[in-house]
Amino acid sequence: MSRSLLTLCAALALLLAACETEVLPPAEKVHRAEIAHTPDPKVVVFVIDGPRYSDSFGDSLHAHVDGMWNTLRPQGTLCSNFKNLGTTLTVSGHAALLTGVWQTLNNEGLEHPTNPTLFEYYRKATGAPIEDAVLVGGKPKLNACVYSLDPAYGAAFAGLADTGHATDYATYDRLIQRLSTDHPHLVMASFSQVDQKAHTGVWGDYIDQMEIVDSLAVLTWNYLQSDPEYANQTTMFITADHGRHDDAHGGFQNHGDACPGCQRVIFLALGPEIRAGFEIVTQYTQRDVCTTVGNLLGFSTPRSSGLLMDDIFEPATTGVR
Ligand SMILES: [Zn+2]
Ligand SMILES: [Zn+2]
């Protein structure tokens, strides 16, 4: 082989190597700016009130969360190091998810958050009517979480509070009614009975209720896939307001301190932009839900201290954006 041919081959090899470099898959860390957004995104935050991590996603058999673990988890991203690092009570936990700020609030619902909620950010940014931003739930005290005291936001931009449903079945029925009637873009659904049963101290009742809500989570996801307004454009987060005491700090009956059992919270993300069958161990917290939901729906959440949970998202494949 002549010297010049060798040189040419070497040059071609270099060129090919350069081309290959350019088509390498995206870096592990995905940035939202690179992600192809769905055209009409919607978000459902499915909150289970007070399941202990070790009795649910952290149970090695996953015996009481069969639907979420075996049906939903393979379709989404599991965050296995997700925490409530604020006050591990119901109102404060829901408010942290909605405001992106840790704030200890009266747990009877007598106090509104200081910082704006997702409902207010969304309605102020888009002009959407109140029916488009809904909180469906069991506990009436959650009404405190639909708007804040922030003078630039507040009651004029509140979410619609549809609470006081006596059972998780009733909450589910109302949720589906709201979804199928008004097709809201921003929904928080809060299922109260796991917590209520646990507080009675009857282990079997608590576990039975966990299994019921597990089924309701699957039914909710299946509903979203069956409704053309939601299918392939809806992100669902399954999470909780708090855990419960680990056995070294009083056991499953109660919660409210900073023990590992109270702080550890389940988190599963599902949706067209979410990685399927993926698990991340990055520590995220409830505050990050506010920032991430804002990003998904295309509005900013300037008072949130949360992070964007960028590693739950699929890398862009379509070249859009
Ligand atoms: Zn709670
Ligand atoms: Zn505790």
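Here, every reference points to the structure presented above.
This structure is a prediction, so every number in the text was calculated from the model and none was measured.

Quick notes on the rules
- Residues numbered from 1 in each chain as written.
- Chains lettered and ligands numbered in written order.
- Predicted model: local features only at pLDDT ≥ 70, side-chain atom pairs only at ≥ 80, totals over all residues.
- Buried ≥ 20, exposed ≤ 12 C-beta atoms within 10 Å, placed from the backbone.
- Helix = DSSP H or I, 4+ residues; strand = E, 2+ residues; numbered from the N terminus.
- Pairing = 2+ DSSP bridges.
- Expected span 1.5 Å × (residues − 1).
- Axes fitted to C-alpha atoms, helices over the stretch in contact; angles between N-to-C directions.
- Contact = placed C-beta atoms within 7 Å.
- Nonpolar A, V, L, I, M, F, W, Y, C, P; charged D, E, K, R; others polar.
- Core = buried A, V, L, I, M, F, W, Y, C linked by C-beta atoms within 7 Å.

K.L.:
I would appreciate a short explanation of the pairing of strand S1 (residues 42-48) in the present structure.
P.N.:
With respect to burial, S1 is a largely interior element, seven of its seven residues being buried. Of the two faces of S1, the one holding Lys 42, Val 44, Phe 46 and Ile 48 and the one holding Val 43, Val 45 and Val 47 are both buried throughout. Of the pairings in the sheet, the one linking S1 to strand S7 (residues 234-240) comprises seven bridges and is parallel in character. Residue Val 43 lies in a different strand from S7, and its bridge partner there is Thr 235. Pairing of S1 with strand S6 (residues 186-191) involves six bridges; the strand directions are parallel. Across the sheet, residue Val 43 finds its bridge partner in S6, namely Leu 186.

K.L.:
Before we go on, may I ask you to explain the sheet that holds strand S8 (residues 264-265) in this structure?
P.N.:
Backbone hydrogen bonds are what pair the strands of a sheet, in a parallel or an antiparallel way. Taken in spatial order, the three strands of this open sheet run S8-S3-S11, and their pairing is mixed. The open sheet has two edge strands, S8 and strand S11 (284-285), and neither has a second partner. Where strand S3 (residues 82-83) and S11 come together, two bridges link them in parallel fashion. Each residue of the ladder has a partner; that of Phe 82, found in S11, is Tyr 284.

K.L.:
For this particular structure, what's the right way to read helix H7 (residues 203-226)?
P.N.:
Along an α-helix, residues three or four positions apart point the same way, because every turn accommodates 3.6 residues. Helix length check: H7 (24 residues) gives 35 Å between terminal C-alpha atoms against 34 Å at 1.5 Å per residue, within 8%. Taken together, the buried positions of H7 are Tyr 206, Gln 209, Met 210, Val 213, Asp 214, Leu 216, Ala 217, Thr 220, Trp 221 and Leu 224.

K.L.:
When you look at the packing of helix H3 (residues 90-99) against helix H9 (residues 287-297) in this model, what are you seeing that I'm missing?
P.N.:
Each pair of packed helices can be described by the angle between their axes along with the distance between the axes. For the pair H3 and H9, the least separation of the axes is 5 Å and the interaxial angle reads 35°. Where H3 approaches H9, its residues Ala 96, Leu 97, Leu 98 and Thr 99 are matched on the opposing element by Arg 287, Val 289 and Cys 290. For the contact of H3 with H9, a count of residues per class yields five nonpolar, one polar and one charged.

K.L.:
Sorry if this is basic, but what is going on with the environment of Leu 186 here?
P.N.:
Residue placement: Leu 186 occurs in strand S6. Classification of Leu 186 as buried rests on a count of 27 C-beta atoms within 10 Å. The sequence separation of Leu 186 and Glu 131 amounts to 55 residues, and the corresponding C-alpha distance is 9.4 Å. Non-local contacts of Leu 186, meaning those with residues more than four positions away in its chain, are made with Val 43, Leu 118, Phe 119, Tyr 122, Asp 132, Ala 133 and Leu 297.

K.L.:
Just checking my understanding: could you explain helix H4 (residues 118-126) for this structure?
P.N.:
Along H4, the residues classified as buried are Leu 118, Phe 119, Glu 120, Tyr 121, Tyr 122 and Arg 123. Among the structural elements, H3, strand S4 (133-137), S6 and H9 are those in contact with the buried residues of H4. Of the residues trailing H4, Gly 127 is marked for its positive phi of about 75°.

K.L.:
Explain the sheet that holds strand S10 (residues 278-280) here, please?
P.N.:
If you trace the eight strands from one edge of the open sheet to the other, you get S5-S4-S6-S1-S7-S9-S2-S10, paired in mixed fashion. Lying at the two open borders of the sheet, with one neighbouring strand each, are strand S5 (160-162) and S10. For this sheet, the mean inter-axis angle between neighbouring strands, taken without regard to orientation, is 15°.

K.L.:
Looking at this structure, I do not really get the nonpolar core. What am I missing?
P.N.:
Val 45, Phe 46, Phe 119, Ala 189 and Leu 268 are the most contacted members of the largest nonpolar core, which totals 77 residues. Considering each element in turn, this core owes the most residues, seven residues, to H7. Every residue in contact with Phe 119, bar those within four places of it in the chain, is listed here: Ala 133, Val 146, Tyr 147, Phe 157, Ala 158, Gly 159 and Leu 186.

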